[in-house]
Every structure is written in C-alpha cells, then in structure tokens.
Amino acid sequence: MPFLSSGDEEAWEMPEDWEYSGGVPERLLKIKAKCPNCNNTFEVELGESWYTMGISISCPSCGYQFPVNMYGEVVGEVKKKK
C-alpha cells in the first residue's frame, strides 16, 4: 500500500483503489521560489493544495523557512511519466 512518511512520524496511508474510486489525483506544480533571507532562487515540486495553503519550505542554501505561496511563482505543472 502506498504511503507518505518523513522519518519516524506516522505514515499517511492512501487506499490502493483511491484513484479508481472517484478520487482525482492532485496536480503537482513546479514552483520557482526565492528565499527572502538570502535571495537564493530554486525550484521545488509541490502539490497544488499545499501551495494554496501556504505551507512553509526551507531554503536549501541557508535553511530559512518561509511560506511558498508568498515567495514562490508557479512556472508549470509536472506531468506524470508513463
């Protein structure tokens, strides 16, 4: 069964038939972010709902955390590879 986990935290389990039971897969966005602390520009891939909610991301250069929707710009959608 697929799951998402980040280390020792409890995994988020998704039913195997979720996609076939009427669930619609979320769009995966490619976002160009600019750190407000060190001005480093980098790209991240993030689900559309996480971007809309304004989840915080960390700059890979200085480690500063900031809301991606305030300092990021959607540059495209990541397409599923078949």
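In the block above lies the structure referred to throughout.
Residues numbered from 1 in each chain as written. Predicted model: local features only at pLDDT ≥ 70, side-chain atom pairs only at ≥ 80, totals over all residues. Heavy atoms only, no water.

On to the overall build of the protein, then. The helix and strand inventory of the protein stands at two helices and seven strands. Of the regular secondary structure in the protein, the N- to C-terminal order runs β-β-β-β-α-β-β-α-β. The burial tally for the protein puts 17% of its 82 residues in the buried class. For the protein, the share of sequence-separated contacts (at least 6 apart) that also reach a separation of at least 24 residues comes to 37%. Carbon and sulfur atoms provide 50% of the accessible area of the protein, an area that totals close to 6400 Å². (Helix = DSSP H or I, 4+ residues; strand = E, 2+ residues; numbered from the N terminus. Buried < 20%, exposed > 50% of the residue type's maximum accessible area, 1.4 Å probe, protein only. Contact = heavy atoms within 4.5 Å. Areas by Shrake-Rupley, 256 points an atom, 1.4 Å probe, with all protein chains shown as cover.)

Turning our attention to the environment of Val74. Within the secondary structure, Val74 sits in strand E7 (residues 72-78). Note: C-alpha distance between Val74 and Glu48 (26 residues apart in sequence) is 9.7 Å. Sequence-distant contacts of Val74, that is, excluding residues within four places in its chain, are made with Leu29, Lys30, Ile31 and Tyr51.

For the rest of this paragraph, the subject is the sheet that holds strand E4 (residues 41-47). Strand order across the open sheet formed by three strands is E4-E3-E7, with antiparallel pairing between neighbours. Each edge of the sheet is formed by a strand with only one pairing partner; in this case those strands are E4 and E7. For this sheet, the mean angle separating the axes of adjacent strands, direction not counted, is 30°. The pairing of strand E3 (residues 28-34) with E4 spans seven bridges and is antiparallel. Bridging across to E4, Ile31 finds its partner in Val44. (Pairing = 2+ DSSP bridges. Axes fitted to C-alpha atoms, helices over the stretch in contact; angles between N-to-C directions.)

So, on to unusual backbone geometry. Here the phi dihedral of Asn39 falls at roughly 65°; this positive angle occurs in a residue that is not glycine. Mapped onto the fold, Asn39 is located in the loop between E3 and E4.

Residues Leu29, Ile31, Ala33, Cys35, Phe42, Leu46, Tyr51, Ile57, Cys59, Phe66 and Val68 constitute the largest nonpolar core, which totals eleven residues. At the level of secondary structure, the elements contributing two or more residues to this core comprise E3 and E4. No other element matches E3, which puts three residues into this core. Not counting the four nearest positions on each side in its chain, Cys35 is found in contact with Asn40, Cys59, Cys62, Tyr64 and Phe66. (Core = buried A, V, L, I, M, F, W, Y, C linked by side-chain atoms within 4.5 Å.)

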